[in-house]
Each structure stands twice: as C-alpha cells, then as structure tokens.
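Summary of structural features
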Amino acid sequence: SKHCVNLDNRTANVSVKPFELDTGFQFELHVTVSGKKINVSEIPELPIPKDWMRDKLELHFYKTKQAAGGGEIENVTYNKGAGTAVITFLKPG
C-alpha cells in the first residue's frame, strides 16, 4: 500500500487507498449493419457529456473486433437528441 515515487529529482512517499467507482450504466442498443457503417438507434440519454458517449461507442465497437466483427473506427457521429449514432469503420467487414 506504500510506494516511493521519483518526480523531477525529488522523492515522494505515497500510499494507496481503496475507493469506489460510480455505478456503471447498462443499456440496450439497436443496430443496423452495412459493409462499412453501423447505424445505432435507441441510445438512452445518460447524464454524461456527448464526447464521453462517442468514446464509449467507439471503444465498444472497436472491442467487438475480437468477438464478432468490429475493428478500427474511422468516425463516430453521435446525435444525443435523437439517441442515434453512425459508426464508420476503416475497412468493410
């Protein structure tokens, strides 16, 4: 729980303390798939900034590469008011 960290030629003694993260959000997405783009609809409005939701969508669809498709993302267009997004991949698949 205790560590020694060197910062700019100075040593700092730090200790680690546990903390709780806020509860995550779970929601269901409806998806229409084409060769290079995915249209996502019925995205619930969550109390997070628009760019956070865009990042979460990008990470989710990038991570699905190992499971069932997905891959490198070229662009994410998110419309918070409409609850929709268009995920564009670099390569069709």
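In the block above lies the structure referred to throughout.
I will try to describe carefully the structure that is included in this document. (Residues numbered from 1 in each chain as written. Predicted model: local features only at pLDDT ≥ 70, side-chain atom pairs only at ≥ 80, totals over all residues. Heavy atoms only, no water.)

Some remarks on the overall build of the protein chain
Helices and strands together make up the secondary structure of the protein chain, namely one helix and six strands. Contacts in the protein chain between residues far apart in sequence, at least 24 positions, make up 37% of those at least 6 positions apart. Taken as a whole, the protein chain presents about 7,500 Å² of accessible surface, with 50% of it coming from carbon and sulfur. (Helix = DSSP H or I, 4+ residues; strand = E, 2+ residues; numbered from the N terminus. Contact = heavy atoms within 4.5 Å. Areas by Shrake-Rupley, 256 points an atom, 1.4 Å probe, with all protein chains shown as cover.)

What about the pattern of salt bridges?
Summed over all chains, the structure comprises one salt bridge. Of the charged contacts in the structure, one is a salt bridge between Glu74 and Lys36, with a shortest N-O distance of 3.4 Å. Remark: Lys36 occurs in the loop between strand S3 (30–33) and strand S4 (37–41) and Glu74 occurs in strand S5 (residues 73–79); sequence separation between them is 38 residues. What makes Glu74 partly exposed here is its relative accessible area of 46%. The exposure class assigned to Lys36 is partly exposed, which follows from its relative accessible area of 32%. (Salt bridge = Lys/Arg side-chain N within 4 Å of Asp/Glu carboxyl O. Buried < 20%, exposed > 50% of the residue type's maximum accessible area, 1.4 Å probe, protein only.)

Re the nonpolar core
Counting residues in each nonpolar core, the largest one holds 14 residues, and the members touching the most others are Val40, Ile43, Met53, Leu57, Phe61, Ala85 and Ile87. Listing elements by their share of this core, those giving two or more residues are S4, helix H1 (50–68), S5 and strand S6 (84–89). (Core = buried A, V, L, I, M, F, W, Y, C linked by side-chain atoms within 4.5 Å.)

Some words on the pairing of S4
Burial along S4 is one-sided: Ile38 and Val40 are buried, while Lys37, Asn39 and Ser41, pointing the other way, are not. Direction of pairing for S4 relative to S6: antiparallel, over a ladder of four bridges. Bridging from a neighbouring strand, Val40 pairs with Ala85 of S6. (Pairing = 2+ DSSP bridges.)

Let's talk about unusual backbone geometry
You will see that Asn9, though not glycine, has its phi angle at about 60 degrees, which is positive. Relative to the helices and strands, Asn9 resides in the loop between strand S1 (2–7) and strand S2 (10–15). With a phi angle near 60 degrees, Glu42 is a residue other than glycine that sits in the positive phi range. Residue Glu42 is classed as exposed on the basis of its relative accessible area of 54%.

Considerations on the pairing of S1
With respect to burial, S1 is a largely exposed element, only zero of its six residues being buried. Looking at chain direction, S1 and S2 are connected through six bridges and run antiparallel. Each bridged residue has a counterpart across the sheet, and for Leu7 the counterpart in S2 is Arg10. Counted along the chain from S1 to the antiparallel partner S2, the turn is two residues long, and its residue Asp8 has a positive phi close to 50 degrees.

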